[in-house]
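# Working through the structure, step by step
For reference, the chains in residue letters:
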Amino acid sequence: MKALIEIDKLNLFYGTFQALKNVSMEIPQRAITAFIGPSGCGKSTLLRTLNRMNDMIPGTRIEGKIAVGGTDIYSGEVHVETLRKKVGMVFQQPNPFPKSIYDNVAYGPRLHGVRGKKQLDEIVESSLRAAALWDEVKDHLKRSALSISGGQQQRLCIARALAVEPDVLLMDEATSALDPISTLKIEELAQELKDKYTIVMVTHNMHQAARVSHQTVFFLNGEVVEYSETEKLFSDPSDQRTEDYISGRFG
Amino acid sequence: MNESTRSEAPYSFGKRNSSSALYDRIFTGLVWGIGILVILFIVGLLFMLLKNGLPKLTWDFLYSIPSEIEEGGGIGPALFNSFYLLAISLIISIPIGLAAGIYLAEFAPNNKLIDFVRICVEGLSSVPSIIFGLFGIALFVEMFQIGLTILGGAISLAFLNLPMLTRITEESIRAVPVEMKNASFALGSTHLQTIRKVLVPVALNGLVTGICLTAGRAFGESAVIILTAGVTTSGVMWDFNLFSPGETLAVHLWYVQSEAIVPDAQEIAQKATSVLIFIVLLINIVFRVPLWLNSRKTKS
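By the naming in an unreviewed UniProt entry, chain B goes by Phosphate transport system permease protein PstA and is assigned to Cohnella thailandensis. Entered under Sequence similarities (unreviewed entry) in the UniProt record, the comment concerning chain B runs "Belongs to the binding-protein-dependent transport system permease family. CysTW subfamily." According to the UniProt record, the Subcellular location (unreviewed entry) comment for chain B is "Cell membrane".

Naming follows an unreviewed UniProt entry, where chain A appears as Phosphate ABC transporter ATP-binding protein of Cohnella thailandensis. As recorded by UniProt, the Function (unreviewed entry) comment attached to chain A reads in full: "Part of the ABC transporter complex PstSACB involved in phosphate import. Responsible for energy coupling to the transport system." The UniProt entry for chain A carries this comment under Subcellular location (unreviewed entry): "Cell inner membrane".

### What to know about the environment of B:Gly188
One can find B:Gly188 in the loop between helix H8 (178–186) and helix H9 (191–220). If sequence neighbours within four positions are ignored, B:Gly188 has contacts with A:Glu81, A:Arg84, A:Lys85, A:Leu111, A:His112 and B:Gln193.

### Looking at helix H6 (residues 129–143) of chain B
Residue and element names in this part refer to chain B. Here H6 contains 15 residues, and its C-alpha end-to-end distance of 20 Å stays within 8% of the 21 Å for a straight helix at 1.5 Å per residue. Of all the bends in H6, the greatest measures close to 25 degrees and is centred on isoleucine 137. Buried within H6 we find Ser129, Phe132, Gly133, Gly136, Leu139 and Phe140. Glutamine 145 sits one or two residues past H6 and shows a positive phi near 55 degrees.

### Re the packing of aromatic side chains
Here the structure, examined in full by the defined rule, presents 10 aromatic pairs over all chains. Taken together, the aromatic side chains of B:Phe80, B:Tyr84 and B:Phe240 make up a single cluster linked through ring pairs. Across the ring face of A:Phe13, the terminal group of A:Arg61 is positioned such that the distance to the ring centre comes to 4.3 Å.

### Quick look at the packing of helix H3 (residues 101–111) of chain A against helix H4 (residues 117–130) of chain A
Residue and element names in this part refer to chain A. Where H3 meets H4, the axes come as close as 9 Å, and the angle between the chain directions of the two elements is 110 degrees. Taken together, the axis directions place H3 and H4 in an arrangement best described as roughly perpendicular. Between H3 and H4 lies a crossing whose hand is right-handed. In this structure, H3 uses Ile101, Tyr102, Val105, Ala106, Pro109 and Arg110 to contact H4, whose residues at the interface are Lys117, Leu120, Asp121, Ile123, Val124, Ser127 and Leu128.

### Things to note about the UniProt feature "domain: ABC transmembrane type-1" (unreviewed entry) in chain B
According to UniProt, the "domain: ABC transmembrane type-1" (unreviewed entry) feature falls on residues 79–287 of chain B. Summarising residues 79–287 of chain B: 77% helix, 0% strand, and an end-to-end C-alpha distance of 19 Å.

### Details of the UniProt feature "transmembrane region" (unreviewed entry) in chain B
All names here are of chain B. Taking the numbering used here, the UniProt-annotated feature "transmembrane region" (unreviewed entry) corresponds to residues 26–50, 83–104, 116–140, 146–165 and 275–293. Secondary structure content for residues 26–50 is 100% helix and 0% strand, and the end C-alpha separation is 36 Å. The annotated region residues 275–293 carries 100% helix and 0% strand content, and the separation between its end C-alpha atoms amounts to 27 Å.

### Describing the nonpolar core
In terms of nonpolar packing, the biggest core is built from 47 residues, with A:Leu128, A:Ile158, A:Leu169 and A:Met171 touching the most fellow members. No other element matches the six residues that helix H6 (residues 150–162) of chain A contributes to this core. Residues contacting A:Leu169, with those up to four places away along its chain left out, are A:Gly88, A:Met89, A:Val90, A:Ile158, A:Ala161, A:Leu162, A:Leu193, A:Thr198, A:Ile199 and A:Val200. B:Leu90, B:Ala218, B:Val224 and B:Ile279 belong to the second-largest nonpolar core, a separate cluster that totals 35 residues.

The rules behind the values
For every chain, the first residue of its written sequence is number 1, and the numbers climb from 1 along that sequence. As they are written, the chains are lettered A onward and the ligands numbered 1 onward, keeping that order. Confidence filtering applies because this is a predicted model: local features only for residues at pLDDT of at least 70, side-chain atom pairs given and counted only at 80 or more, and all residues used for totals across whole chains, interfaces and linings. Only hydrogens and water are set aside; all other atoms, that is, all heavy atoms of the structure, feed into the side-chain values. UniProt positions are given in the numbering used here, feature names are shortened, and annotations may be inferred rather than shown by experiment. Secondary structure is summarised from DSSP: a helix means a run of H or I of at least four residues, a strand means a run of E of at least two, and numbering begins at the N terminus for each. Throughout, a residue-residue contact means that at least one pair of heavy atoms, one from each residue, lies within 4.5 Å. In a helix, the anticipated span is given by 1.5 Å times the number of residues less one. We define the bend at any residue as the angle between the axes fitted to the seven residues before and including it, ending there, and the seven starting there. Accessible area is worked out with a 1.4 Å probe on protein chains only. A residue is then buried under 20% of its type maximum, exposed over 50%, and partly exposed in between. Put simply, two rings from Phe, Tyr or Trp (the six-membered ring, in Trp's case) pair if the centres are within 6.5 Å, and we call them stacked under 30 degrees between planes, edge-to-face over 60, tilted for the rest. Here, over-ring charges are defined by two tests on the NZ atom of lysine or the CZ atom of arginine: distance to the ring centre within 6 Å, and angle to the ring normal within 35 degrees. Here, axes are lines fitted to C-alpha atoms. For helices the fit covers the stretch in contact, and angles between N-to-C directions go from 0 to 180 degrees. Under this scheme an angle from 65 to 115 degrees is roughly perpendicular, one under 35 degrees roughly parallel, and one over 145 degrees roughly antiparallel; angles in between are oblique. A crossing counts as left-handed when the near helix is turned anticlockwise from the far one by less than a right angle, and as right-handed when that turn is clockwise. By convention a nonpolar core is built from buried Ala, Val, Leu, Ile, Met, Phe, Trp, Tyr and Cys residues, the set being connected through side-chain atoms within 4.5 Å.

As structure tokens, this is what we get:
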């Protein structure tokens, strides 16, 4: 599989604390890559470097290179707004805006200059369909996004991210606040979306990584201990620490 | 489970008879009692203030010229000045106050200087209004030599309200959950787009409360006006001249109550009081309409 994102010798510091140490990897296009590891291991930090959300944390410093589609995203000529349009993100807590369902999905396209009512209607419908939410909300698009359930809200957030036509979808523990059935729906959705999008997910749940991803990366203390095809990582890990973690000996 | 264990006494789920249950009842009663007392007090106060003035109120009173010697003067120019001053001071204080609050919440670096500025804003918002009046005198009467004017009064009022407005704006913007900000940024919005489309709409409730407080305070303020806009009007209605003396309704109230020699001073004061209270309540209601519309759009 072709790599869409290339990370080369990445070091990241929060002030004097080094959160990522010499991280290198390739993330394949149109597939699901899962980041696993104990809390504070740097997996979410790495995810947030991919759409430069870490820029907002004062005192963050980065060395090394991250290329998305062959372009170094930390170089001077990259506009972070354009990058984030291409690299969308779904967060741990469902975070819809206190607006209507329609306005939530239309928020991104409107930011990027889509004005026509008909065009927006089409984007809203296709995004909600892609997020497997259309049938549940099509009759009350004007209702507040806060009135639907947590699982629906999370799918709405996915629809909102898809509405700006990203190539990459980052999911930062997107199911950890949801019940098992909603989690399952999101996992199924991820399976469908991988045919069109490159998905990178951070998860606390090793079973989730094993169930849905093609490639799994195991982090420990800011370092990548091991990364390989998911099947291999879980059945035949090459590092002792990986084996200890996936067999539940720590973490 | 067999028969022998079940034959024991049934569980009792009756009232808990401990001291904590008693305290809970006492506390509940106390909070209810005080709540009702406060409401009665406010309603009683409103009633007492309005009962003497409201029945005697006529339209004529609202727009006729006050009289210095004879009975039957109105509050026209003072009422007009109240609104005129309020409008000018809000035109000045709202943009500056909101901008300063948004700056402090969103752009200000995290350092000692900004902390110091924040303490100053906090302190200024509790400085007695007479100090701002003295500042107004120093600036407009002594430095610019323009005397007691509507313009000087309005600007001094705006200064009086700026710290409070800035603080409330900063707090409301900060109270917007960071998740929402992140959601907006992650969709590729610029900082301005996030502020305009997420932070301000979500914080609108707090912002309107701030503007309401400011407007109510500006409308009822007297010390600043006495010192910077004076205790006289130009004596004609609809005087839009910014350099006219600008006695407002609150000041007029103080004036008729303490200085005036008209025989019906008492009655004028009562009627003016009811007008003042009525308008302050009205301001609060009018400013809430957009909130109400907004919440109808987002909830339901």
